[in-house]
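Results of the structural survey
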Amino acid sequence: MPIIKNSATYGIHKVIMKNSFVIIAHGTAIKEYNGVVGNSQNSQMAMIEAINLTKKYEGVTAVDHVSFQIAEGETLGLIGTSGCGKTTTLKMLNRLLEPSSGRILVQGKDIRKDKPERLRQGIGYVIQNGGLFPHYTVAENIAVVPRLLKWKEKRISGSTDKLLEMVGLPPSEFSQRYPQELSGGQQQRVGLARALAADPPIVLLDEPFGALDQITRGQIQQEFKQLESLLKKTMVLVTHDVFEAVTLCDRICLMNQGRIEQIGTPKELIFQPHNDFVRDFFSSNLFQLELHVTCLGDLIPWLENLSPREGCATLFKVKENLLSILQHKNMGQNGIGIGDRHGHRILTTNCENLLSAFYQYKKSILN
Amino acid sequence: MSFWEFFTSNIREIFDQTLQHIGLTVISLAIAVTVGVLVGVVLTRYPRFSTQVIGTVGVIQTIPSVALLGFLLPLLGIGVTPAIIALFLYALLPIVRNTYTGIEEVDGSIKEAAKGMGMPDLQVLFKVELPLAIPVIFAGIRTAAVTTVGVATLSALIASGGLGEFIFRGIALNNVNMMLAGAIPAAILALLFDFLLGILQKQVQRFLKPILIGAAIIVTVSVSWWLGPQIFNNSFIAGFPSEFMGRADGYPGLQSHYNLSLDSVQLNPALMYDALKEKKVDVISGYSTDGRIKAYDLAVLEDDLHFFPPYYPAPLIRGEVLKEYPELEGVLGKLGGKISDETMTQLNYQVDYLNKPTIEVVKEFLTELGLETSIERTGGSDIVIGSKGFTEQYLLAEMLGVVIENYTNLDVDLKTGLGGTKIAFNALVQGEIDMYPEYTGTGLFVILRAPEEVQKAIIQDKEEVFAYVKEQFKELYDLEWLEPFGFNNTYAMMMRREDTEKLNIRSISDLKAYLSQ
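What you see is a predicted model, and the numbers here were worked out from it, not measured in a lab. Here the residue numbering is sequential within each chain, running from 1 through the sequence in written order. All chains are assigned letters beginning at A, and all ligands numbers beginning at 1, according to the order in which they are written. With pLDDT at 70 or above as the cut-off, local features in this predicted model cover only qualifying residues; side-chain atom pairs require 80 or more to be listed or tallied, and sums for whole chains, interfaces and linings still use all residues. The side-chain values count all of the structure's non-hydrogen atoms but skip hydrogen atoms and water molecules.

Next up on the list: the overall build of chain B. For chain B, the helix and strand inventory stands at 24 helices and 10 strands. When its C-alpha atoms are laid out on the principal axes, chain B stretches across 85 × 60 × 45 Å. The rule is simple: take the accessible area with a 1.4 Å probe, protein chains only, and divide by the maximum for that residue type; under 20% is buried, over 50% is exposed, in between is partly exposed. Going through the 517 residues of chain B one by one, you find that 55% of them count as buried. Carbon together with sulfur atoms contributes 58% to the accessible area of chain B, which is approximately 22300 Å² in total. One finds the centroid of the 38 positive side-chain charges in chain B at a distance of 9 Å from the centroid of its 57 negative side-chain charges. Starting at the N terminus, helices and strands are each numbered in turn, a helix being any DSSP run of H or I of at least four residues and a strand any DSSP run of E of at least two. Under the convention used here, a 1.4 Å probe and the Shrake-Rupley method define accessible areas, while residue burial counts only the protein chains that appear. The charge count treats Lys and Arg as positive and Asp and Glu as negative. His and the chain ends do not count. Note that the charge is assigned to NZ on lysines, CZ on arginines, CG on aspartates and CD on glutamates.

For the rest of this paragraph, the subject is the interface of chain B and chain A. The parts lose accessible area when they come together, and the size of an interface is often stated as this lost area. Residue contacts are counted whenever heavy atoms from the two residues lie within 4.5 Å of one another. Across the contact, 16 residues belong to chain B and 19 residues belong to chain A. Throughout, buried area stands for the accessible area (probe radius 1.4 Å) lost by two parts on being put together, summed over both. Counting the surface lost from both chain B and chain A, the interface buries some 1600 Å², and carbon and sulfur atoms represent 67% of this. Contact with chain A buries surface across chain B, with E112(B), G116(B) and M117(B) losing the most and accounting together for 38% of the total. In what follows, salt bridge is the name for a side-chain nitrogen of Lys or Arg lying within 4 Å of a carboxyl oxygen of Asp or Glu. On inspection of chain B and its partner chain A, the count reaches 1 salt bridge. Across the pair E112(B) and K91(A) runs a salt bridge whose closest N-O atoms are separated by 2.8 Å. Residue assignment for the side of chain B that touches chain A shows that the elements contributing at least two residues are α6 (108-116) and α7 (121-154) of chain B. The biggest single contributor to the side of chain B that touches chain A is α6(B), with 7 residues. Broken down by class, the residue content of the side of chain B that touches chain A amounts to 9 nonpolar, 4 polar and 3 charged. Residues are grouped as follows: Ala, Val, Leu, Ile, Met, Phe, Trp, Tyr, Cys and Pro are nonpolar; Asp, Glu, Lys and Arg are charged; all remaining types, including Gly, are polar.

Patch members must show over 30% relative accessible area and no salt bridge, and they are joined within 9 Å when carrying like charges or within 5 Å when they are nonpolar side chains of Val, Leu, Ile, Met, Phe, Trp or Tyr. Among the surface-exposed residues, L38(B), V42(B), Y46(B) and F49(B) lie close enough to one another that they form a single nonpolar patch of about 400 Å² accessible area. Position of F49(B) relative to the elements: it lies in the loop between α2 (11-45) and α3 (50-62).

This paragraph deals with the sheet that holds strand β6 (residues 123-127) of chain A. Residue and element names in this part refer to chain A. Between any two strands, pairing holds if DSSP finds at least two bridges. As summarised here, the arrangement of the 6 strands in space is β6-β7-β8-β3-β9-β10, forming an open sheet in which the pairing is mixed. At either margin of the open sheet sits one strand with a lone partner, and together these are β6 and β10 (259-264). Each strand of the sheet is rotated relative to its neighbour by a mean of 15°, with strand direction disregarded. As judged from the 5 bridges shared by strand β3 (residues 75-80) and strand β9 (residues 251-256), these two strands associate in the parallel manner. Within β9, the position partnered with L78 by the bridge is C253. Angles run from 0 to 180 degrees between N-to-C directions of axes, and those axes are lines fitted to C-alpha atoms, restricted for helices to the stretch in contact. Across the face of the sheet, helix α14 (residues 276-283) comes into contact with β3, β9 and β10 while running at roughly 110° to β9.

Pairing of aromatic side chains requires ring centres within 6.5 Å, counting the rings of Phe and Tyr and the six-membered ring of Trp. Pairs whose planes differ by under 30 degrees are stacked, by over 60 edge-to-face, and all others tilted. Tallied over the full model, the rule gives 28 aromatic pairs over all chains. Ring geometry for F133(A) and Y136(A): centres 5.5 Å apart, planes at 85°, overall edge-to-face. This pair shows no difference in class: F133(A) is buried, exactly as Y136(A) is. Among the aromatic side chains, those forming a connected cluster through ring pairs are F240(B), F244(B), Y251(B), Y287(B), F307(B), F308(B), Y311(B), F390(B) and Y491(B). Directly above the ring of F133(A) sits R194(A), whose terminal nitrogen or CZ lies 5.0 Å from the centroid. Of note, K334(B) hangs over the ring of Y407(B), and the distance from its end group to the ring centre comes to 4.6 Å. Note on geometry: a ring has a charge over it if NZ (lysine) or CZ (arginine) is within 6 Å of the ring centre and within 35 degrees of the ring normal.

Further remarks concern the pairing of strand β7 (residues 412-418) of chain B. All names here are of chain B. Strand direction decides the pairing type here: strand β6 (residues 383-388) and β7, joined by 5 bridges, are parallel. Among the inter-strand pairings, G386 is bridged to a residue of β7, identified as K415. Here is how to tell: hold the view so the strands point away, follow the path from the first strand over the helix to the second, and if it runs clockwise the crossover is right-handed. The β-α-β motif built from β6, the intervening helix α18 (residues 391-407) and the parallel element β7 has right-handed crossover chirality.

All names here are of chain B. The backbone of D297 sits at a positive phi, close to 60°, despite the residue not being glycine. Within the secondary structure layout, D297 lies in the loop between α13 (291-295) and β4 (298-300). The class for D297 is partly exposed, based on a relative accessible area of 44%. Within the chain, N504 stands out as a residue other than glycine whose phi angle is a positive 55°.

Attention now goes to the pattern of salt bridges. Residue and element names in this part refer to chain B. Scanning the model with the defined rule gives 32 salt bridges over all chains in all. With a closest N to O distance of 2.6 Å, R318 and D434 form a salt bridge. Residue R318 is located in strand β5 (residues 313-318), and its partner D434 is located in the loop between α19 (421-429) and β8 (435-439); the two are separated by 116 residues in the primary sequence. Each of the two residues, R318 as well as D434, counts as buried. For E376, the salt bridge is made with K363, and the minimal N-O distance between the two is 2.6 Å. Of this pair, E376 sits in the loop between α17 (358-368) and β6 while K363 sits in helix α17, and the two are 13 residues apart along the sequence. Through salt bridges with shared partners, one network takes in K470, K474, D478 and E480.

What follows covers the nonpolar core. Only buried Ala, Val, Leu, Ile, Met, Phe, Trp, Tyr and Cys residues count toward a nonpolar core, and they belong to the same one when joined by side-chain atoms within 4.5 Å. Formed by 121 residues in total, the largest nonpolar core has its most connected members in L254(B), L262(B), L444(B), F473(B) and M493(B). Looking at which element gives the most residues to this core, the answer is helix α5 (residues 80-104) of chain B, with 15 residues. Discounting chain neighbours no more than four positions away, the residues touching L444(B) are R449(B), A450(B), I458(B), I459(B), V465(B), Y468(B) and V469(B). In terms of nonpolar packing, the next biggest core, distinct from the first, is built from 58 residues, L192(A), A193(A), I220(A) and L354(A) among them.

All names here are of chain B. Domain delimitation in this document rests on an assignment produced automatically or drawn from a domain database. Examined at the domain level, chain B breaks down into domain 1 (3-231), domain 2 (242-306 + 493-515) and domain 3 (313-489). Relative to domain 3, the C-alpha centre of domain 1 lies at a distance of 42 Å. At the junction of the two partners, domain 1 supplies 8 residues and domain 3 supplies 6 residues. For the pair domain 1 and domain 3, the two sides together bury roughly 520 Å², of which 55% comes from carbon and sulfur. It is helix α8 (residues 164-172) that contributes the most residues to the side of domain 1 that touches domain 3, 3 residues altogether. In terms of residue class, the side of domain 1 that touches domain 3 is made up of 5 nonpolar, 3 polar and no charged.

All names here are of chain A. By the secondary structure assignment, E207 is in the loop between β7 (202-206) and α11 (214-226). For E207, a relative accessible area of 10% translates into the label buried. Each C-alpha atom, one on E207 and one on Q128, is 5.3 Å from the other, the two residues being 79 residues apart in sequence. Contacts of E207, omitting those with residues within four sequence positions, involve K86, Q128, V238, T239 and H240.

Here's what the structure looks like:
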């Protein structure tokens, strides 16, 4: 089974998810799903667990029996068209909205057992445009949650400086500025720093890059992906941008009219859509997305080693995705070198060979 | 006398009135800020009530000030307390509305971010919503402040003091300097309040909490301060309209004629009878034909030393209008001498107390006299009839109108409710109206300001007074006095009947004797 083999790099919990996602996908099958968890996956407690979440507004069902689990350190993307219930689902996680029925467990504990403020202070929250307080300086904005947690001022200023440094805004230049003096991208960075200020284990992001222009967005997405302090966070990202979801998320939950259509890794949704809705949702950018979710490592069984002039080919890592390789500026001139994670060359190939390997790989999954 | 002379010679009183004015404004504003901000904030938490509450507060503001003061009179009496409450009610709308919209308009994503980060509701309010809504809230407070300074002049009508005293006395007495002495400081005060609040606004982000606490302290201290002495005031008080307070044939003359001295407060003529009935004052200077004498069971004190001059009303018409329509003199002569004191009191009573429409009362009366009342023309306005702002004047103006329309081919237009002798007379001289009912005594004292020796010589004889004003008006203003209606609506001192019986007071001399005990 190539799926399991290839995704082993994501860690063991991914495999577990994969085995159970078919059941998770539809709320109606929840009993069976719970049974699975209860029997065999007790050792892997989910960081966030939503059980049968439903939210109704005056007769309109915005979220309809939605269930999912998010493992520690995992990033789940909630995507779908406007009005599909993704933002509503997110806001139920930090109790900005209360579900009409259903439960949410964070680290195994029902979130209704504590005051909503306490819950929220432990969950980072990033929203579109940053949601920065215009009457607070950048430093004061970042210090909001630490102040709520009654940290000492010295500790607060130290951590504020560190966070600003981390998001690429030198504190000496930025900490005393007001949000309206910053560009959109800079505001977004401050918003991120503010969400991380108290080092919460969970971060919720609601269209965090939605208001930025294409170029800034791509840039910040890349930086975001590489932020070390985010690596261990459990994150939920709401977006309507498919590429953003594919780039940043370990798993994607595609919603439609309040229900989950499919939940799984980006690769699963794109190569193995469960129904027409999922297929149609990705159809307009399908080829690019397919390239995006396929990494060099996936193609190794089908790649020939052309061993051209050693050292001239551009060296790419196994986990690099095909789209970024094909878009790379040096691509194709001297062949494509593939190196392992230590930078040792495994083999060298070229563009034609790469694409034919891709088609063979795709066929192997689809059959 | 120039304005400057008037100003310097009355500087003491102007200063006092200004202080009273500031007091009224600051206290009512502080209460309005405290209550208004609180209500506005609560509404943001229960937005489904916002339309109704803001609507209700808005309706209060549309109530004419005199009507509101009249409504509060039976509940709170006269003086500073009802004035502050009325001002507070007027100041409420902009503050409530701006607090509510100010907070509502804070960017939703900012509020959500605040909540999402785990700020408790009170902190969201104090650290995010209020600071961001402050410019809007302050704009509301500034609007309220300027309005309050303006409306506070009206509160002089219920004896609360303030710069309105000069303004209204000035209007009533046709004294421009006196009017300006009230109006100019009031205007300066309004600008000053706006300016100071503007400065405060810049600092308010830092001082938000102290300001709210300060407002609350002013409220508590001032409420207890002002309410205390108001409630325990038991002396014998006279309530006089501003016109009476200043006229030679009013209180000053009465004082010297009877050697009488009263603790007096200034009152709106429309509210004065109710104030007497509600025992807020003990004696008033009413009009001898007022319907409320009958309705409220009041007793008119006999003018035993013959101080009050004759006030026989007659149509006062512009000379050129009479020249153009000479038939008017004959037609209006049909009303000449037809109305007695009792009849007029009865007519006033029907309107004031039985709440009958003026036009209905007029038509019934004219029918009784055997006059035609069926024709009613609309559209053109060959003749514009004015009146001052009290019932008798409305009745007389309607009466003139009905008679003219029924016995000539002229169209009549009414411009009633002009706010005093000065306003009505100026409107007539400037041709905005063609006639209005005026009283001989008012013509003699207020408009002509006849020399004292003339006054003394003719004052006891109503015929001589009429002849004198007729001749003088013709000469000075080209205005004609037509035949008087017949009754004498003079000033009269009146008290509650039960008091006069209990204290055995029948005349003004008796009152003086009682007071000097």
